[in-house]
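These are the residues of each chain, in order.
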Amino acid sequence: MEFWIINLLNGLSLGMIFFMLTSGFTLILGLMNVLHLAYGSFYLLSAYLGFTIIQRFENFWLACLLCLLLGALLGLLIERLVLGPLFGQHLPQALATVGGAYFLTGIALWIWRGNIYMLPKPSFLEDSVPLLGFFFPTYRLFIIFVGIILAIGLWLFQERTKAGAIIRAGVDDEEMARAMGIDIRFVFSAVFILASALAGITGVLGGPILGAFVGAEWEVLVLALVVVIIGGLGSILGAFVGSLAVGLLQVFTVALFPELSYFAIFAPMVIILAFRPQGFFGKK
Amino acid sequence: MDCLILENLSKDFGGLRAVDNVNLRISEGEYRVIIGPNGAGKTTLFNLTNGQLTPSSGRIFFFGKDITKKSVDQRASLGIARTFQISRLPLNLSILDTILLGVQATSPVKFHMWRPLNSYGYLFSKAEKLLKERNLWEKRDVLIRHLSYGEQREVEVALALTGTPKVLLLDEPTAGLSPGETESFVSMLLSLQNITCVIIEHDIDVAFRLADNISVLHFGQLIATGSPEEIKANQTVDEVYFGGTR
Amino acid sequence: MNLKPINIAIFIGATVLFLAIPLFASPYYVDLITKVLILSIFSASVNLLLGYTGLPSIGHAAFLGVAAYTVGILTTNGFQNFWSNSLLGIVSATLLAALFGLICVHTRGIRFLMITLALGEVIWGLVIKCRHITGGEDGIVGIKRPHHEFFWSLVGISNFYYFVCIVTIFTLFILYIIVRSPFGLSLVGIREDEERMLVLGYKVWLHKYLSFVLSGLFSGIAGVLWVYYNTYVGISSVGIMLSTNGLLMPILGGANFFLGPAIGAAVMTLVENIVSSLTTHWLMILGLLYIVVIVFVPNGILGGISDKLRGKV
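None of the values given here were measured: they were computed from a predicted structure. (Residues numbered from 1 in each chain as written. Chains lettered and ligands numbered in written order. Predicted model: local features only at pLDDT ≥ 70, side-chain atom pairs only at ≥ 80, totals over all residues.)

### Let's talk about the overall build of chain B
The helix and strand inventory of chain B stands at nine helices and 10 strands. Compactness check: chain B gives a C-alpha radius of gyration of 19 Å against a globular reference of 18 Å for 246 residues, within 12% of the reference. Over its C-alpha atoms, taken along the principal directions, chain B stretches across nearly 60 × 40 × 35 Å. Within chain B, the proportion of its 246 residues that are buried is 40%. Relative to all contacts within chain B whose residues are 6 or more apart in sequence, the contacts with residues 24 or more apart total 68%. (Helix = DSSP H or I, 4+ residues; strand = E, 2+ residues; numbered from the N terminus. Rg over C-alpha atoms; globule rule 2.2 N^0.38 Å. Buried ≥ 20, exposed ≤ 12 C-beta atoms within 10 Å, placed from the backbone. Contact = placed C-beta atoms within 7 Å.)

### Some words on the sheet that holds strand 10 (residues 221–226) of chain B
Within a sheet, neighbouring strands are paired by backbone hydrogen bonds and run either parallel or antiparallel to one another. Residue and element names in this part refer to chain B. In space, the six strands of this open sheet follow the order 6-7-8-3-9-10, with mixed pairing throughout. If you trace the sheet from one side to the other, it starts and ends with strand 6 (80–82) and strand 10, each paired once. Pairs of neighbouring strands in the sheet enclose a mean axial angle of 20 degrees, with direction left out of account. Bridge analysis of strand 9 (residues 213–218) against strand 10 gives five bridges, and the strand direction is antiparallel. The residue of strand 10 that forms the bridge with His218 is Gln221. Set on the sheet, helix 1 (residues 42–50) makes contact with strand 3 (31–35), strand 6, strand 7 (167–171), strand 8 (196–200) and strand 9; between it and strand 7 the angle comes to about 150 degrees. (Pairing = 2+ DSSP bridges. Axes fitted to C-alpha atoms, helices over the stretch in contact; angles between N-to-C directions.)

### Some points on the pairing of strand 7 of chain B
Residues and elements named next belong to chain B. The buried fraction of strand 7 amounts to five of the five residues, a majority that puts the element mostly inside the structure. Burial along strand 7 is two-sided: the residues Val167, Leu169 and Asp171 and Leu168 and Leu170 are all buried. Note: strand 6 against strand 7, three bridges, orientation parallel. Paired with Ala81 across the strands is Leu168, a residue of strand 7. Where strand 7 and strand 8 come together, five bridges link them in parallel fashion. Along strand 8, the bridge assignment pairs Leu168 with Cys197. In the classification by handedness, the crossover that spans strand 7, the intervening helix 6 (residues 179–191) and the parallel strand 8 is right-handed. (Right-handed = clockwise from strand over helix to strand, strands pointing away.)

### What about the sheet that holds strand 4 (residues 57–62) of chain B?
Residue and element names in this part refer to chain B. The strand order 2-1-4-5 describes an open sheet built from four strands, whose pairing is antiparallel. Across the chains shown, the open sheet's two edge strands, defined by having one partner strand only, are strand 2 (16–27) and strand 5 (65–66). Sheet topology note: the strand 4/strand 5 ladder contains two bridges and is antiparallel. Across the sheet, the residue bridging to Phe62 is Lys65, located in strand 5. Packed on one face of the sheet, helix 1 meets strand 1 (2–13), strand 2 and strand 4 and runs near 65 degrees to strand 2.

### Quick look at the packing of helix 4 (residues 82–104) of chain C against helix 5 (residues 109–129) of chain C
Geometry of a packed helix pair, given as the angle between the helix axes and the separation of the axes. All names here are of chain C. The geometry of helix 4 relative to helix 5 is characterised by a closest axis approach of 10 Å and an angle of 140 degrees between their N-to-C directions. The handedness of the crossing between helix 4 and helix 5 comes out as right-handed. Where helix 4 abuts helix 5, its residues Phe100, Ile103 and Cys104 lie against Phe112, Ile115, Thr116 and Leu119. Split into classes, the residues belonging to the contact of helix 4 with helix 5 amount to six nonpolar, one polar and no charged. (Left-handed = near helix turned anticlockwise from the far one by under 90°. Nonpolar A, V, L, I, M, F, W, Y, C, P; charged D, E, K, R; others polar.)

### Quick word on helix 10 (residues 236–256) of chain A
All names here are of chain A. Between its terminal C-alpha atoms helix 10 stretches 30 Å, which fits the 30 Å expected from 21 residues at 1.5 Å a residue. Inspection of helix 10 places Ile236, Gly238, Ala239, Phe240, Val241, Gly242, Ser243, Leu244, Val246, Gly247, Leu249 and Val251 among the buried residues, and these make up the whole buried set. Lining the buried residues of helix 10 we find helix 1 (2–32), helix 5 (138–160), helix 9 (216–231) and helix 11 (263–275). (Expected span 1.5 Å × (residues − 1).)

### A closer look at helix 1 of chain B
Residues and elements named next belong to chain B. Taking burial as the measure, the nine residues of helix 1 include eight buried ones, the bulk of the element. Listing the buried residues of helix 1 in full gives Lys42, Thr43, Thr44, Leu45, Phe46, Asn47, Leu48 and Thr49. Phi turns positive, to about 100 degrees, at Gly51, one or two residues after helix 1.

What follows is the structure, encoded as structure tokens:
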């Protein structure tokens, strides 16, 4: 019994981390049809920056703030250099973001020289909390909490706000949107920068669990791809459920069939691709 | 013999019923013109006929065979060809390459990868014939994107004819053509042999000249079918389509 | 066939020129050009999908790598027959492409890109995981080039170069026939407008699938050459960087031209060579190159030249 509960909680919290890590990516892809392949590099740079800030100033909140800004800045950079000039051309945009990924990873290598760091958890979240008779790390609870807020917030944004509606309407019909007096490009840029800021902060929040090392950017990106493929394109609910599913699968296969744990992420992805290509909650 | 039968055909898009219980019988060799106001569902009807859309209910028969479940390319192989309201031609290819694409489409040759295209003389002869009929042979190496609108429409029709189809669906073929171009189009169409044509037309004069029979569509429903004279005299059609001003 | 005398002359001239290179170039450059030739095959295989079928694959290192690993594993486990090893290498790449193609071919555009990326990562992860077979992150070293099994030994730089040269010319020739065949025209039609091709009667998925499998086969050829060139196979052979370079090379050279991939391979290798001798920040420069090409020169080098020649600037 104990086994199941602990692993369930671990799986859920891992899933939440996955969701948090990949939410910016799924938002950009689902809402704007932009495949942001430099997304992982955003994580990497902010995780590294977060580590450095926490090391120097020992202030978790400062790190969060600065990484948020870093994310927004990186988003602005990519948006100006790549997405703007290629507006509407989804494939070239995606390919150009690969260039962005290389460039940013190169910067990370330059400044932090390929060192591997594990971000420290903020001191007030370092303990464990008694839960259902066990001790559960506070930080993981914190992440679950953040994940839920994030999911609700993103869902509201996509489905209920004017900006979300504008983007959904304008994503394929820029002329129509402009005819209605909406500067769709401005809205796109704004959303992209916001999502990038989100990616920035996940570096600090996810860093204590995933770490900062060259290669992490691809792990985050692949994770995001898997979540999107399983959960479905364009659906926050899909990304949420997909992330939780992957987290749970990961934890349980490690616990029950450690040899197969590698396939935990990829097997469902391949199965979905073969039999339900639009993902669980995706629109065809 | 009935060449094309649409039986209780309907198509819903969410809450919108674009095609509503349409029943159509077209005989072999007949020229049927479909008229109706904008948004009446005419193009949707074409999309259902050639398989680009699947019906919400109803069936389609082609020379007696139920083709409702058949895919777009399967229907093309059976002999259904179609032109589009807005030309859909490969802009970066030449006229010749475009027509060759059509000529090889229903032949296993399209999978041959061990011999250069140039060595298949009979494909080129077929293309030459089709293009010379339309005075496009001299321009065969011109890219589609450099053609005038009228020329593109010509290529569009030529492309549809490459597979020697049994049924040709033409979606507003004379839209945007000059009176001269329209005239030569009508003569060309009337001169075709061994073919059944279903034509969506906005130009009433063209419609009456081409049609053996006319069907009138309104809000997805078939409100009348008959010979041009019958349709001219039809009260409902008059109100609905012409606003009662004729 | 369009065998204009001038084309034949150019083709023979180029062949002679390439075969003569070891006579006047230093071993360093012969070695470099060998690398360019192998990458030309790889990038041409990616371009069969990209430039001709309109499918952007960012996971093709999987096929090159699988062929390379097959040869590497066989060679270091006592199977020394060059011919059977190479054949098995190519077959393994083709089979993998046949498998992946079933998954990928129903999609296009960025979705296709996403899936090929994910599948490429699956192979990468598998290679690392099965370290008892593949050597994991260390790879397999000591893969010797055939010495006796061949008409001439492939061990020296020049000898190997001649071999690669001949294979490259032969492979590109076959590829040329394919893209100029009716099948090739079908692919181009599919690139332009898939649905329109369905309306004409094309079995579009089958064409895409065949194109995918063929491109896997050619990547396999490149993979076999690659492992013998390096005498080593490691995770970089299945890595994301090789895959993305595989996509960048044709774009750089001009995806709409048959020799675009080869030009792209040459330029990229040259730039990499120069830049990495000047600075360690090759990654940043490569990234910028990627962005610059896609944003400013999307038709590639040959495209830019072609536009200039036709009077458009």
